Amino acid sequence: MFRAVFRLSATGVRSLARSRPCYTAPLASRCYSHGKVESDEEFDARWITYFSKPDIDAWELRKGMNTLIGYDLVPEAKILDSALRACRRLNDVASAIRILEAVKDKAGPHKDIYPYLIQELKPTLSELGISTPEELGIDKL
């Protein structure tokens, strides 16, 4: 009886010890994008159109700015101009200042981007009566 158990266990060990052929899976290649690539002009026009909607509400404004700030870019001055005008249509000065703060934060270590945008937006800011965070003194808090 022990001989039969020993023979079965030895056979079992040998079958486990046998080398099985090693199969390698082919490398997976993924094609994430099949659509056309949007040009910079089309991107700008899409966001200007979005913020220029006459019936935009506060939620859509915040959603649009959150999406825009989420991209790996600093928005162009013409897009920000359209967003600031949407803030004025909604009488939402707080959102306008938040937009300017978000752009300053988005510019990050590039210290020349934010002053350039403020320079480009200065006529719009004065026309709409919107102060910059620096003029209000809240950039030092």
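These numbers were taken from a predicted model, which means no experiment stands behind them.

Considering the overall build of the chain
Looking only at helices and strands, the chain features 7 helices and 0 strands. Secondary structure elements of the chain occur, N-terminal to C-terminal, as α-α-α-α-α-α-α. Sorting the 141 residues of the chain into buried and exposed places 26% on the buried side. Of the contacts made within the chain by residues no fewer than 6 positions apart, 64% connect residues no fewer than 24 positions apart. Accessible surface, the chain as shown: approximately 10,500 Å² in total, 58% of it carbon and sulfur.

Some remarks on unusual backbone geometry
Backbone phi values are negative for most residues with the exception of glycine, while trans is the configuration of most peptide bonds. Its identity is not glycine, yet Asn91 carries a phi of approximately 55°, on the positive side. By the element assignment, Asn91 lies in the loop between α4 (77-89) and α5 (93-107).

Brief notes about the nonpolar core
It is characteristic of soluble globular proteins that their nonpolar side chains tend to be buried jointly. Residues Phe51 and Leu84 are the most contacted members of the largest nonpolar core, which totals 25 residues. Ignoring any residue separated from it by four or fewer positions in sequence, one finds Phe51 in contact with Ile56, Leu61, Gly64, Met65, Leu68, Ile79, Ser82, Ala83, Ala86 and Arg89.

Observations regarding the packing of aromatic side chains
This model, assessed by the stated rule, comprises 6 aromatic pairs. Ring centres of Trp47 and Tyr50 lie 5.4 Å apart, and the angle between their planes is 70°; this geometry places the pair in the edge-to-face category. Pair noted here: Trp47 and Tyr50 are both in helix α2 (residues 40-51), with a separation of 3 residues, about one helical turn. Given a relative accessible area of 22%, Tyr50 falls into the partly exposed group.

So, the pattern of salt bridges
Under the defined criterion, the tally for this structure stands at 8 salt bridges. Across the pair Lys36 and Glu42 runs a salt bridge whose closest N-O atoms are separated by 3.2 Å. Relative accessible area serves as the criterion here: at 34%, Glu42 is assigned to the partly exposed category. As a salt-bridge pair, Arg46 and Glu38 come within 3.0 Å of each other at their nearest N and O atoms. One connected set of salt bridges, linked through shared partners, spans Asp81, Arg85 and Glu127.

Quick notes on the rules
Residues numbered from 1 in each chain as written. Predicted model: local features only at pLDDT ≥ 70, side-chain atom pairs only at ≥ 80, totals over all residues. Heavy atoms only, no water. Helix = DSSP H or I, 4+ residues; strand = E, 2+ residues; numbered from the N terminus. Buried < 20%, exposed > 50% of the residue type's maximum accessible area, 1.4 Å probe, protein only. Contact = heavy atoms within 4.5 Å. Areas by Shrake-Rupley, 256 points an atom, 1.4 Å probe, with all protein chains shown as cover. Core = buried A, V, L, I, M, F, W, Y, C linked by side-chain atoms within 4.5 Å. Phe/Tyr/Trp six-rings, centres within 6.5 Å; stacked < 30°, edge-to-face > 60°. Salt bridge = Lys/Arg side-chain N within 4 Å of Asp/Glu carboxyl O.

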